[in-house]
Amino acid sequence: MEPAPAKAKPQGRLLVSTQLDARDELEEKLERCVVIVQGLTNGLSEREANDALNASVCKGQQQHEEVCLGLFTLVLIEASQAQRCYRDLTLVNRDGMNVVLGKINQILMEKFLKLQDTPRTQLVWLVRELVKSGVIGADGVIMTLLKQIAGGDISTKNLWLAENVLDILLDQKEWVLKSGMLIAMSVYTYLRLIVDHGSPNLLPLRQKEVDFCISMLREKFMECQIIGRDLVRLLQNVARIPEMELLWRDLLHNPQVLSPQFTGILQLLTARTSRKFLACRLTPDMETKLLFMTSRVRRSFLVYVSSCIFSQACVRVCAFELACSLSSSQVRFGQQKRYQDWFQRQYLSTAESQSLRCDLIRYICGVVHPSNEVLSSDILPRWAIIGWLLTTCTSNVAASNAKLALFYDWLFFNPEKDSIMNIEPAILVMHHSMKPHPAITATLLDFMCRIILHFYPPLESQVRQGVFNSLNFIMEKRVLAHLAPLFDNPKLDRELRSMLRERFPEFCSQPSPPTEVKMEEAASMEMENHEGDKDEGCYDNTEATFSDDEEEVNNKGKKREFRFPPIKEAVVEEPADITPWLDQLDDTMKEKVQQLQKTSDTESQCEVMQEIVDLILEEDFDTEQMSGLASCLSELFKEHFRGEVLPDEITEESLEESVCKPFCLIFRNLVTMQEDNSGFSVLLDMLAELYQKQPKIGYHLLYYLKASKAANGKMMLYESFAQATALGDLHTCLMMDMKACQEDDVRLLCYLTPSIYSEFPDETLRSGELLNMIVAVIDSTQLQELMCHVMMGNLVMFRKDSVLNILIQSLEWETFEQYSTWQLFLAHSIPLETIIPILQHVKYKEHPEALSCLLLQLRREKPSEEMVKMILNRPCHPEDQFTTSILRHWACKYDETLAEHIKAQLIKNNNQPRKRQSLRSSSSKLAQLTLEQILEHMDNLRLSLSNTKNNFFSQTPILQALQHVQASCDEAHKMRFSDLFALAEEYEDSQSKPPKSRRKAPATSPRSRKGVAPPTNNEEESISSSASVCSPSASVRCESQFYRKSRIVF
């Protein structure tokens, strides 16, 4: 008979699926709800059906949800019944359609691309009806629907969606005008889409989009103004359309026509665009793929989701689904090509899709802001993706727009309002491309120089200042240590280097001697050949690979670095300007502050500063001027917070001299006061205000409390300071201050470490955060100094109750950081058994540093039962030699002890119920030690000792344990470990003696020779029971074995 054909999987009516796809849980749930509704209404008249539905929803929340979702699903899959089902839905729902709105948002965010044609059409129809009915929350659904309209896509389905959503907005204009966010989001969306709809067959749609945008911008300009600077960028792209040109001219020359509150285009350009607008131009699928490539995604994947007016249930579902699918996934730098190829095939393969690159770059710069953990890992960095987008651009216009998108936040950058993360990708693309792709760096630098003049000539000075602010902030935040190697690189042609020196002299070195340039002349000439097309902005189409080198190393590097003018000196030379804050001070205080500004020598400044402190401590001091005073002092003393604090040679005199600075007068007065003194809290508040203006004040206070003789024993004053700050938390404040110290002065960090650990043990010993800061920056000399502090008892960095958790955290750190951590741990006198459970977490391929340190430490230890158990519990792998190596060492040095411990584990696990489980489970920490696992390790140890004279496997405890296991294990294990069990059989045979020597057997048995006590009755019963479970074919042998053992025992 022929086998019956496999039953075909039933095809759902909601989502497109294949025979290989598993049934979608959401689709199954909605179909169940449809069955429930049909069961309630089948065979009834409309009135009776309505009564039945109402009766059901009144029973409880679950019945209400089932009925609403059932009617909602019928609207999607039964177009002929949609009107009636929607009417019933409006009558029976009791929650203002929240259940339905949440489910619509979930489908739009997760399943929209899988919807069949009819459900997709019906979903848009349903959204239209919800808008007509004025349902609260429908604006959020419209914004989600806008997000599904892809840029750079003129496929039939995408055009249909764009036109239908636009029709809803036009038909329900009065409703749209009630929501400012919807106005801004829809204008931003359709201004962007106009660029894609320029072909003749799409002109009617483009005209509708133009009319809609102009209408909204002229009637509700202030609502549209919240978009920020990217509104200007989008308008600039469509300004040549006649209707848009009139609006563009009004924007530039007659802003009051648009709104009396609108002062001009500069007002827009200085406003940063919110993330929600940048994110709305990527579909959820695009956004998911980008986040997958750039993040260790453990958070909600759509900024847009949380910002729109969605139901909480939908937000939770979206966040959960992506976290589940991507939380353990990440794309490592160097392995991104296949992901980029897939993304390009999916979204960037057509001519129209070139315009999408701007949306992607703006999204990466403005929305994808990785955490410090991600930035320090090997996850694909943002600059690499942007570099790939630039190098694969095939259109000159699109390339120019992409560069503008990359530098757009630079043009009017304000450090107080804008984020370093918005400007970081551009500088890193140029930096990392210099070595492998100098043409990319040259084109971007050329664009940066020329955009200052050509972006908008009336605002040239503002653009120049914005770019200068960006470069200055990049230096301040140490994104790059120096800009001169980038701006004055011999790989750049002379014209470009000359232009950079002219535009940015503050960041460039002096021109290099001609003899040095000649060596790079060939590269320069090659670059000049490409300069002709720099203005068009077209890149090479060759595949781009980016170097992960942090700095270029060449023969001239050190020599040229000495010729760079110190960038910090240019900043230092600027005089302090405290004019904006002087008016906030009363006359007496203003006079003292101005006197402080005019005084130059330190001694006089200290005298004036003491007088200022005395004024603060007076009872009639007005605390409202505290903020202004703090601003003045932070500006006047900014020089004191630059450079290293710790003296080169540490002596009592040099330490005292280093804390004799004017701002230290506040510390000194605090130290000499009692905490119950009224002036104490006032000075703390003053210090907290200073901390807001100058965050470095925190670690300077820590240094003063340690270095000053006057502050001896007063380190806990820092806790009062931390509680007085806006942070209000000792741990947070301490970690922030130590992080600032780490970035500024590593020597000072090491100097403060013993005091910090001893004075604040609860904040430092429970977490690895501070330890990671230290080991991330110290060198080998500083590591040795810290180890000496530990050995002398001056420093305790670990304690028994928390050391294991810290070492587990360290498994994710860099190699030197891990080795330093283990060295510091070994300097402590903490028993190794305290941290031996870490073996459950370490994997031989991922954590070689920890395994190396553990191996060296274990070889010095005598094996304990817990150690042996943990080591045997490691998964067996041919390449993982850790367990075998340490067991071999112990077998040579502590053979009897190891044999007893292994015997105990074998017998214990042999008596437990057998459960099949994978020994190579990825979550080894949850795996229970099994008999098979022990036998595998024992067999590896046997092979390791086979060519030596070691007699470990001839010891009685090992042989007895193998006998015990062999008697009860199955045939598969006997065959697999036959060589091991052969040792036990040889042992049995050696115990069998001729009848004439039976009486001497007890005296000559190995058990007697070793002085081992005779087995108990329990062991005899075990032998007996093991014999009884043998197969019939082996019963004779089992009986003879038992007989021989009985003679030996008795």
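Note that the coordinates shown come from a computational prediction; the quantities given were computed from them, not determined experimentally.

Here we come to the overall build of the protein. A count of helical and extended segments in the protein gives 61 helices and zero strands. Each of the 1050 residues in the protein was classed as buried or not, and the buried ones make up 51%. In the protein, the proportion of contacts linking residues at least 24 apart, taken out of those at least 6 apart, comes to 73%. For the protein, the exposed area adds up to about 49700 Å²; of that, 50% sits on carbon and sulfur atoms.

A word on the packing of aromatic side chains. The final tally for this structure, using the stated rule, is 23 aromatic pairs. Measuring from ring centre to ring centre gives 6.3 Å for F343 and W388, while their planes differ by 75°; the resulting arrangement is edge-to-face. On the criterion of sequence distance, the pair formed by F343 in helix α20 (residues 337-347) and W388 in helix α23 (residues 382-391) is long-range, its members being 45 residues apart. By relative accessible area, W388 is classed as buried at 4%. Measuring from centroid to centroid gives 5.2 Å for F407 and W410, while their planes differ by 70°, and the two rings are edge-to-face. The class of F407 is buried, set by a relative accessible area of 2%. Here the aromatic residues W342, F343, Y347 and W388 are joined through ring pairs into a cluster of three or more.

Quick look at helix α14 (residues 242-253) now. The end-to-end C-alpha separation of α14 is 17 Å, in line with the 16 Å expected for 12 residues at 1.5 Å each. Those residues of α14 that sit buried are M244, L247, W248, D250 and L251. Across the axial projection of α14, the buried residues extend over an arc of 160°, all falling on one side. Turned more than 90 degrees from where α14 packs its buried face, P242, L246 and H253 sit exposed. Lining the buried residues of α14 we find α10 (180-194), α11 (203-219), α12 (221-224), α13 (229-238) and α15 (265-269).

With that settled, the discussion passes to the side chain of N422. By the secondary structure assignment, N422 is in helix α25 (residues 420-433). In terms of polar contacts, N422 uses its side chain to reach the side chain of H369, at 3.1 Å. Within the structure, the side chain of N422 is placed 3.5 Å from the side chain of D409, a separation counted as a polar contact. If we skip the residues at most four places from it in the chain, N422 touches R272, C365, G366, H369 and D409.

In this section: helix α48 (residues 803-810). For the α-helix, the turn length of 3.6 residues means that residues three or four positions removed from each other point alike. Listed as buried for α48 are V803, I806, L807 and S810. The arc that holds every buried residue of α48, seen down its axis, measures 95°, which confines them to one face. Among the structural elements, α46 (769-775) and α49 (815-827) are those in contact with the buried residues of α48.

This paragraph deals with the side chain of R233. One can find R233 in helix α13. Those residues in contact with R233, other than ones at most four positions away along the chain, are Y188, C358, R362 and Y408.

The subject of this paragraph is the environment of F621. Tracing the backbone shows F621 in the loop between α36 (602-617) and α37 (626-636). Expressed as a C-alpha distance, the spacing of F621 and D586, which sit 35 residues apart in the sequence, is 9.6 Å. Apart from the residues within four sequence positions on either side, F621 is in contact with M589, L615, I616, M626 and V682.

Looking now at the pattern of salt bridges. Throughout the structure, instances matching the rule amount to 42 salt bridges. Close ionic contact of R84 with D88 constitutes a salt bridge, the shortest N to O distance being 3.6 Å. Placement of both R84 and D88 in helix α4 (residues 82-92) is noted, with a separation of four residues, approximately one turn of the helix. Take R84: its relative accessible area is 33%, and that puts it in the partly exposed class. With a shortest N-O distance of 3.6 Å, R942 and D979 are connected by a salt bridge. You can see R942 sitting in helix α54 (residues 931-945) and its partner D979 sitting in helix α57 (residues 978-991), a full 37 residues away along the chain. D979 gets classed as partly exposed once you look at its relative accessible area, which sits at 47%. Through salt bridges that share partners, R229, D230, R233, R362, D409 and D418 make up one connected network.

A few words now on unusual backbone geometry. Positive phi values are uncommon outside glycine, yet M97 reaches one of about 70°. Here M97 shows up in the loop between α4 and α5 (98-111). According to the relative accessible area criterion, M97 is buried, its value standing at 4%. Unlike most non-glycine residues, R478 shows phi in positive territory, near 60°. Tracing the sequence through the fold places R478 in the loop between α27 (460-476) and α28 (484-487).

Turning our attention to a negative patch on the surface. Together, D586, D587, E591, D614, E618, E619, D620, D622 and E624 line one region of the surface with negative charge. Here E618 is to be found in the loop between α36 and α37. On the basis of relative accessible area, E618 is assigned to the partly exposed category, the value being 40%.

With that out of the way, let us pick up the environment of E607. For E607, the position within the fold is in helix α36. With relative accessibility at 48%, the residue E607 sits in the partly exposed group. Distance from E607 to L596, taken between C-alpha atoms, is 9.1 Å for residues 11 residues apart in sequence.

On to the confidence of the model for the protein, then. Model confidence for the protein is summarised by a mean pLDDT of 79, while 81% of its residues fall at 70 or above. Note that pLDDT drops below 50 for residues 510-573; the model gives that stretch 101 contacts with residues more than four away or on any other chain. Confidence drops under pLDDT 50 across residues 995-1050; counting only partners more than four residues distant or on other chains, this segment forms 36 contacts.

Glancing now at the packing of α49 against helix α50 (residues 848-858). Look at α49 against α50: their axes get within 9 Å of each other, and the N-to-C directions meet at 25°. In this view, α49 runs roughly parallel relative to α50, as classed from their interaxial angle. Crossing geometry of α49 relative to α50 is assigned as right-handed. Counting all contacts with α49, which are made through T815, Q818, Y819, W822 and L826, the residues of α50 involved are E849, A850, S852, C853, L854 and Q857. Grouping the amino acids of the contact of α49 with α50 by side-chain chemistry returns six nonpolar, four polar and one charged.

M244 and W410 are the most contacted members of the largest nonpolar core, which totals 172 residues. When residues of this core are assigned to their parent elements, the largest contribution, 10 residues, is made by α10. Not counting residues within four places of it along the chain, the set of residues in contact with M244 comprises L191, I194, V210, C213, I214, L235, V238 and A239. With 137 residues, the next largest nonpolar core counts Y704, L765, M870 and L887 among its residues.

Quick look at the packing of α36 against helix α39 (residues 664-672) now. At a closest axis distance of 9 Å, the pairing of α36 and α39 adopts a crossing angle of 50°. It follows that α36 is oblique to α39 by the angle criterion. In this structure, α36 crosses over α39, and the sense of that crossing is right-handed. Between α36, through C606, M609, Q610 and V613, and α39, the contact on the second element is made entirely by L665, I666 and N669. For the contact of α36 with α39, the per-class residue count stands at five nonpolar, two polar and no charged.

Rules of the game
All residue numbers refer to positions counted from 1 along the written sequence of the respective chain. Residue-level local features of this predicted model are given only where pLDDT is at least 70; pairs of side-chain atoms are given and counted only at 80 or more, and the full residue set underlies all totals for whole chains, interfaces and linings. Based on all heavy atoms of the structure, the side-chain values leave hydrogens and waters out of the count. Runs of H or I in DSSP of at least four residues are treated as helices and runs of E of at least two as strands, each being numbered from the N terminus. For the exposure calls, accessible area comes from a 1.4 Å probe over protein chains only, and a residue counts as buried if that area is under 20% of its type's maximum, exposed if over 50%, partly exposed in between. Residue contacts follow a heavy-atom distance rule, with two residues in contact if any of their heavy atoms lie within 4.5 Å. Every accessible area reported is derived by Shrake-Rupley at a probe size of 1.4 Å, with residue values counting cover from the shown protein chains alone. The criterion for an aromatic pair is that two Phe, Tyr or Trp rings (for Trp, the six-membered ring) have centres within 6.5 Å, with stacked assigned to planes under 30 degrees apart, edge-to-face to planes over 60 apart and tilted to the rest. Expected helix span is taken as 1.5 Å per residue step, with the number of steps being one fewer than the number of residues. Throughout, the arc means that of the directions going from the helix axis to the C-beta atoms. Counting of polar contacts relies on pairs of N or O atoms within 3.5 Å, with two restrictions inside protein: one atom must be capable of donating a hydrogen and the other of accepting it, and residues adjacent in sequence are counted only when both atoms are side-chain atoms. Here, a salt bridge means any side-chain nitrogen of Lys or Arg that lies within 4 Å of a carboxyl oxygen of Asp or Glu. Patches here are clusters of residues that have more than 30% relative accessible area and form no salt bridge, with a 9 Å joining cutoff for like charges and a 5 Å cutoff for nonpolar side chains (Val, Leu, Ile, Met, Phe, Trp, Tyr). Asp and Glu are treated as the negative residues and Lys and Arg as the positive ones, with His and the ends of the chain left uncounted. To locate a charge, take NZ of a lysine, CZ of an arginine, CG of an aspartate or CD of a glutamate. Confidence scores labelled pLDDT are given residue by residue by the predictor and lie between 0 and 100. Helix axes are fitted only over the stretch in contact, all axes being lines through C-alpha atoms; the angle between N-to-C directions runs from 0 to 180 degrees. When an angle is under 35 degrees it counts as roughly parallel; over 145 it counts as roughly antiparallel; between 65 and 115 it counts as roughly perpendicular; any other value is oblique. Handedness of a crossing is defined here by the sense of rotation of the near helix relative to the far one, left-handed for an anticlockwise turn of less than a right angle and right-handed for a clockwise turn. Note on residue categories: nonpolar means Ala, Val, Leu, Ile, Met, Phe, Trp, Tyr, Cys or Pro, charged means Asp, Glu, Lys or Arg, and polar means any other residue, Gly included. Working definition of a nonpolar core: buried Ala, Val, Leu, Ile, Met, Phe, Trp, Tyr and Cys residues. They are joined through side-chain atoms within 4.5 Å.

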